[in-house]
Amino acid sequence: MNREDIIKLPKLDLHCHLDGSLSKVFLEKTLGRNFTMEELSVSMDCNSLVEYLKKFDIPLEAMNTQENIKAATVEVMKSASDEGVKYIEIRFAPLLSASNSMSTKAVIEAVIAGIQEGSELFNIHGNAICCAMTHQPIEDSKSMFKIAREYYGSGVAGLDLAGDEANHPIGEFKELFEFARDLGMNFTIHAGEAGPKSNIKGAIDYGAKRIGHGIAMRNDEELLKLAKDKGIGIEMCPISNYQTKAVLKEQTYPYADYIRRGILATINTDNRLVSNTSITNEILFLQKKSMIDDRDILQGIKNAIEVSFASDDIKNMLWKEL
Ligand SMILES: [Zn+2]
């Protein structure tokens, strides 16, 4: 498949951070100053996840009012729709934008309003995923989850944990995800990106339906089998993983191996601006390195429909488009 064929495919993006996916034009307009791409995104020369995460300071500055957050969300919906994405799950950390002048509830409502407007204007559907951050107090994250629960099924489709996974082992969050389970909400957890495979095992044990990245289990037959048997969705983000050095440049990306084992792996962007990418670029990137074939591409889309947190109506629509 060439670029045009790939654009025509009805794609999904299940792992897309709102703050990391704004455009340069949007940031310049919103903040009233100019930026270079070096200030906003990383190249393959990026050294680590910590360096990568520094690029989020400028976008977060722009997500300071409900109006800006809504406009930012509409913009991400548009950029995804422009490359043929039919369904997107946009994740964000409500507590990073909440302030004295904007409540957690207001932040969540702004993103939901943006997704709704985006789906009315463009040929795409979407849902929000609310992320807890590893550095935030558990009690604050629980309160945020409880607020997100009010919108579950009407804009919010799930929860997540993001941040510095290497310095915050999954055990710290047992109580948080027991709480999420008690709320009856679907959740995914960033695990095995910069952190160890024990984070993936813990996330599955706590009831995560999906894992963000899941690179660290690549050589662990037992864990790979567990992920397969439990039907865990793996949200893989190839370009980001090479940039943060979760995968080193001489290493083969494990996506095709996961797919051929019957694991429900999917291809996602992570951060459209910070990684300067799109789903189309992610697929072309793996294809150019001869790490996938056409069957792997199609299987990834089927897997994404299966493990998405979308309603049955949307899933049926997506199956019909494929
Ligand atoms: Zn992520």
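Since this is a predicted model, take the numbers as computed values, not measurements.

**Section: the state of the cysteines**
And step 1. Considering all chains together, one arrives at zero disulfides under this definition.
And step 2. Cysteine Cys131 remains unbridged, with the sulfur of Cys130 as its closest cysteine sulfur at 7.5 Å.
And step 3. In this structure Cys237 is a free cysteine whose sulfur lies 9.2 Å from that of Cys16, the closest cysteine sulfur available.
And step 4. Note on Cys237: relative accessible area 0%, which makes it buried.

**Thoughts on the sheet that holds strand S5 (residues 188-191)**
Consider a sheet: its strands pair through backbone hydrogen bonds, and that pairing is either parallel or antiparallel.
And step 1. Read across the open sheet, the four strands follow the order S5-S6-S7-S8; overall the sheet is parallel. Of all the strands in the sheet, just S5 and strand S8 (264-267) have a single pairing partner and so form its edges. Neighbour to neighbour, the strand axes of the sheet diverge by 25° on average, direction disregarded.
And step 2. Both S5 and strand S6 (residues 210-213) contribute to a ladder of four bridges, which runs parallel. Bridge assignment links Thr188 to a residue of S6, and that residue is Arg210.
And step 3. The sheet contacts of helix H11 (residues 197-205) involve S5 and S6, and relative to S5 the element is tilted by about 170°.

**Some details on the side chain of Ser81**
And step 1. Inspection of the secondary structure puts Ser81 in helix H6 (residues 66-82).
And step 2. Those residues in contact with Ser81, other than ones at most four positions away along the chain, are Phe122, Asn123 and Ile124.

**Side note on H11**
And step 1. By the burial criterion, the buried members of H11 are Asn199, Ile200, Gly202, Ala203 and Ile204.
And step 2. Buried positions along H11 lie against S5, S6 and helix H12 (221-229).
And step 3. Positive backbone phi, at 105°, marks Gly207, one or two positions downstream of H11.

**Brief notes about the coordination of the zinc ion**
And step 1. Only His15 (NE2), His17 (NE2), His190 (NE2) and Asp270 (OD) from the protein reach the zinc ion as donors, at distances of 2.1 to 2.6 Å.
And step 2. In this structure, the zinc ion is surrounded by four donor atoms whose angles at the metal cover 82 to 167°, and the resulting shape is irregular.
And step 3. For the zinc ion, the single-chain donor residues occur in sequence as H-x1-H-x172-H-x79-D. For the pair His15 and His17, one class covers both residues: buried.

**Regarding the packing of aromatic side chains**
And step 1. Applying the stated criterion across every chain, the model contains five aromatic pairs.
And step 2. Between Phe177 and Phe187 the ring centres are 4.8 Å apart and the planes differ by 35°, which places this aromatic pair in the tilted class. A residue pair is termed long-range when its members are at least 10 positions apart, and Phe177 in helix H10 (residues 174-182) and Phe187 in the loop between H10 and S5 qualify at ten residues.
And step 3. Their ring planes at 65° and their centres at 5.5 Å tell us that Tyr242 and Phe285 sit as a pair that is edge-to-face. Pair noted here: Tyr242 is in helix H13 (residues 238-243) and Phe285 is in helix H15 (residues 279-288), with a separation of 43 residues, a long-range link.
And step 4. Since its relative accessible area comes to 14%, Phe285 is described here as buried.
And step 5. Among the aromatic residues, those joined into a cluster by ring pairs are Phe145, Phe177 and Phe187.
And step 6. A cation over an aromatic ring shows up here: Arg210 above the ring of Phe309, its NZ or CZ 3.9 Å from the ring centre.
And step 7. The ring of Tyr242 has Lys289 sitting right over it, with the charged end atom 5.0 Å from the ring centre.

Cut-off values and rules
- Residues numbered from 1 in each chain as written.
- Predicted model: local features only at pLDDT ≥ 70, side-chain atom pairs only at ≥ 80, totals over all residues.
- Heavy atoms only, no water.
- Disulfide = S-S within 2.5 Å.
- Buried < 20%, exposed > 50% of the residue type's maximum accessible area, 1.4 Å probe, protein only.
- Pairing = 2+ DSSP bridges.
- Helix = DSSP H or I, 4+ residues; strand = E, 2+ residues; numbered from the N terminus.
- Axes fitted to C-alpha atoms, helices over the stretch in contact; angles between N-to-C directions.
- Contact = heavy atoms within 4.5 Å.
- Donors = N, O, S within 2.8 Å, 3.2 Å for Na, K, Ca; no water.
- Tetrahedral: all angles 85-135°; square planar, octahedral: opposite > 155°, others 65-115°.
- Phe/Tyr/Trp six-rings, centres within 6.5 Å; stacked < 30°, edge-to-face > 60°.
- Lys NZ or Arg CZ within 6 Å of the ring centre and 35° of its normal.

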